[in-house]
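This is what each chain is made of:
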Number of protein chains: 2
Amino acid sequence: MNIGDVAAASGLPAKTIRYYEDIGLIAPRRGENGYRTFDEKDLHKLNFVARSRSLGFSTEDCRALLELYDDRSRASADVRAVAEANLEKVAAKIAELQAMQKTLTTLVHRCHGDARPDCPILEDLAAPAA
Amino acid sequence: MNIGDVAAASGLPAKTIRYYEDIGLIAPRRGENGYRTFDEKDLHKLNFVARSRSLGFSTEDCRALLELYDDRSRASADVRAVAEANLEKVAAKIAELQAMQKTLTTLVHRCHGDARPDCPILEDLAAPAA
DNA sequence: CCTTGACCTTCCAGTCACTGGAAGCCCTAT
DNA sequence: ATAGGGCTTCCAGTGACTGGAAGGTCAAGG
């Protein structure tokens with residue numbers, strides 16, 4: 001398979017796949033013409049990474065997870081530790097965004113949103129009410 | 001005021017303040033020694049930007065909001081439009097993160113997290129259940 | 001007067017995970 | 001022979017900073 005084929009099969013842009021090779025997540029062979037040649041294992045890895053990324057894991061997490069996947073003597077505790085750390089980061093980000101959402105919603109509701117210049121949003125930004 | 005003073009007063013790192021000058025959000029004067037000299041207006045702008053950033057506005061949004069703030073003949077509708085666009089982005093990000101959170105939580109709960117190698121987390125990453 | 005240390009300056013590079021684009025080779029079909 | 005599409009590399013840019021090096025400035029203490 002050439003890069004276009006695995007791009008279509010994995011849903012990842014060819015550019016991203018080349019980048020993953022750059023940072024050492026995959027290592028496809030090369031044909032005589034210099035083209036990357038992907039086998040089923042490469043495609044499987046790409047799908048693994050795509051799925052991991054979609055769950056919020058960093059590319060370094062992906063590297064660790066791929067290693068654990070390949071390590072038959074891994075402890076599931078090690079995998080869970082990586083997932084739990086990611087889960088905590090996700091939860092923290094959600095909390096932060098929800099705080100923003102709450103404030104923004106209040107401010108947007110308070111603003112008339114008409115042609116007049118007075119605006120509680122700007123007032124808050126200029127001098128937040130405690 | 002020198003940069004250290006406004007850094008302390010605004011809670012922003014000096015590096016960040018220099019960066020804001022670089023991208024044209026603020027324009028402090030310079031003393032004879034080449035030092036940046038900040039007045040109350042500069043500090044006010046920095047606080048405005050810090051507050052806006054903490055509510056998820058991009059630096060480009062900040063630029064627009066500062067302009068609207070300075071424009072006495074602004075329409076509050078213009079401000080609200082910027083805030084609503086941001087609110088939508090925040091909501092979209094929350095939804096995305098919550099989907100991750102849901103999946104991750106399920107996977108983490110299903111994993112024993114002991115010394116054995118079998119792990120539902122890796123199984124899902126390798127071949128997500130539809 | 002000199003030195004020390006805290007503060008300031010600029011500039012370059014790195015972060016993260018890509019993404020865009022240019023220049024050029026390869027392959028197939030007409 | 002040429003036209004197109006796909007492939008290659010390399011360089012640069014994104015957003016919003018952050019770290020660090022090399023060097024100028026200033027106030028206080030010995």
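Remember, it's a predicted structure, so these values are computed and weren't measured experimentally.

Digging into the overall build of chain A
Right, so step 1: A count of helical and extended segments in chain A gives 6 helices and 2 strands.
Right, so step 2: The linear arrangement of helices and strands in chain A, starting from the amino end, is α-α-β-β-α-α-α-α.
Right, so step 3: The C-alpha extent of chain A, read off along each of the three principal axes, is 70 × 40 × 20 Å.
Right, so step 4: Counting only residues that meet the buried cut, chain A has 38% of its 130 residues in that class.
Right, so step 5: A separation threshold of at least 6 residues defines the contact pool for chain A, and within that pool the share at least 24 residues apart is 41%.
Right, so step 6: Looking at chain A as shown, the accessible area adds up to about 7,300 Å², and 50% of this sits on carbon and sulfur atoms.
Right, so step 7: Side-chain charges in chain A split into 18 positive and 20 negative, and the spacing between the mean points of these groups amounts to 2 Å.

Some words on the relation of the copies chain B and chain A
Right, so step 1: Note on the identical chains: chain B maps onto chain A by a rotation of 180° and an axial translation of 0.0 Å, with an RMSD of 0.1 Å. Considering both components of the superposition, the chain copies are consistent with a two-fold axis. Ranked by how close their C-alpha atoms come to the rotation axis, the residues of chain B are headed by B:I94, at 2.9 Å.
Right, so step 2: When you check the interface residues of chain B against chain A, 100% turn up at the interface there too, and the contact is symmetric in its surfaces.

Observations concerning the UniProt feature "domain: HTH merR-type" (unreviewed entry) in chain A
Right, so step 1: With numbering matched to this structure, UniProt assigns "domain: HTH merR-type" (unreviewed entry) to residues 1-68 of chain A.
Right, so step 2: Its end C-alpha atoms 26 Å apart, residues 1-68 of chain A is made of 62% helix and 6% strand.

Cut-offs used in this document
- Residues numbered from 1 in each chain as written.
- Chains lettered and ligands numbered in written order.
- Predicted model: local features only at pLDDT ≥ 70, side-chain atom pairs only at ≥ 80, totals over all residues.
- Heavy atoms only, no water.
- Helix = DSSP H or I, 4+ residues; strand = E, 2+ residues; numbered from the N terminus.
- Buried < 20%, exposed > 50% of the residue type's maximum accessible area, 1.4 Å probe, protein only.
- Contact = heavy atoms within 4.5 Å.
- Areas by Shrake-Rupley, 256 points an atom, 1.4 Å probe, with all protein chains shown as cover.
- Lys, Arg positive; Asp, Glu negative; His and termini not counted.
- Charge placed at Lys NZ, Arg CZ, Asp CG, Glu CD.
- Least-squares fit on C-alpha atoms with pLDDT ≥ 70 in both.
- UniProt positions renumbered as here; feature names shortened; annotations may be inferred.

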